[in-house]
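A look at the structure
One-letter residues, chain by chain:
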Amino acid sequence: MRLALTFAAFLLAAPALAQQPRPATCSRDLFQNEAGFRLQQTRLAAAGSADQATQCRTWREHVAYLQKARTVFATCQSGAERARSVGEMDGDLANYRALIANRCGGR
């Protein structure tokens, strides 16, 4: 009986937990994420023909940007949109970390 009551209390609280309020800065943060992605694409393209040290530095900076962007998506989005965005960030982070490990000696 006690387990059933605990489970029932969880079910009643779950919607409230899932719908926590978003920070007031989310609109701005998501907009800045979009602008940042455009800037990052420009930087990555410019580094494409650069020396290896420049490429490695650019990739590391991109990883730092992706980590910040992931945090914004995780905080400011919900549902399927959040899952998609965070999943994309996780995939990109894994790819760039592997690239850095293979091409930059992991440093």
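Residues numbered from 1 in each chain as written. Predicted model: local features only at pLDDT ≥ 70, side-chain atom pairs only at ≥ 80, totals over all residues. Heavy atoms only, no water.

What follows deals with helix α3 (residues 52-76). The end-to-end C-alpha distance of α3, which contains 25 residues, comes to 36 Å, matching closely the 36 Å that a straight helix rising 1.5 Å per residue would cover. Two to three positions downstream of the cap, the backbone nitrogen of alanine 53 sits 3.1 Å from a side-chain oxygen, assigning the N-cap of α3 to aspartate 51. (Helix = DSSP H or I, 4+ residues; strand = E, 2+ residues; numbered from the N terminus. Expected span 1.5 Å × (residues − 1). Polar contact = N/O pair within 3.5 Å; in protein donor to acceptor, adjacent residues only side chain to side chain.)

With the rule as written, the count across this model stands at two disulfides. With a sulfur-sulfur separation of 2.0 Å, cysteine 26 is cross-linked through a disulfide to cysteine 76. A torsion of -80° about the S-S bond marks the disulfide between cysteine 26 and cysteine 76 as left-handed. Of this pair, cysteine 26 sits in helix α2 (residues 26-47) while cysteine 76 is found in helix α3, placing the two residues 50 residues apart along the sequence. Taking relative accessible area as the criterion, cysteine 26 reaches 0% and is therefore assigned buried. (Disulfide = S-S within 2.5 Å. Buried < 20%, exposed > 50% of the residue type's maximum accessible area, 1.4 Å probe, protein only.)

Further remarks concern the packing of aromatic side chains. Evaluated as defined, the whole model comprises two aromatic pairs. With a centroid separation of 5.2 Å and an interplanar angle of 85°, the aromatic rings of phenylalanine 37 and tyrosine 65 are classed as edge-to-face. Here phenylalanine 37 is found in helix α2, whereas its partner tyrosine 65 is found in helix α3, with 28 residues between them in sequence. Take tyrosine 65: its relative accessible area is 14%, and that puts it in the buried class. Judged by centre distance (6.2 Å) and plane angle (15°), the rings of phenylalanine 37 and phenylalanine 73 are stacked. In this pair, phenylalanine 37 is assigned in helix α2 and phenylalanine 73 in helix α3, connecting sequence segments 36 residues apart. Look at phenylalanine 37 and you get buried, because its relative accessible area is 17%. Clustering of aromatic rings is evident, with ring pairs tying together Phe37, Tyr65 and Phe73. (Phe/Tyr/Trp six-rings, centres within 6.5 Å; stacked < 30°, edge-to-face > 60°.)

With that settled, the discussion passes to the environment of glutamine 52. Within the secondary structure, glutamine 52 is located in helix α3. Exposure remark for glutamine 52: the relative accessible area of 44% places this residue in the partly exposed category. Expressed as a C-alpha distance, the spacing of glutamine 52 and arginine 103, which sit 51 residues apart in the sequence, is 8.1 Å. When residues no more than four places from it in sequence are discounted, the contact partners of glutamine 52 are Arg103 and Cys104. (Contact = heavy atoms within 4.5 Å.)

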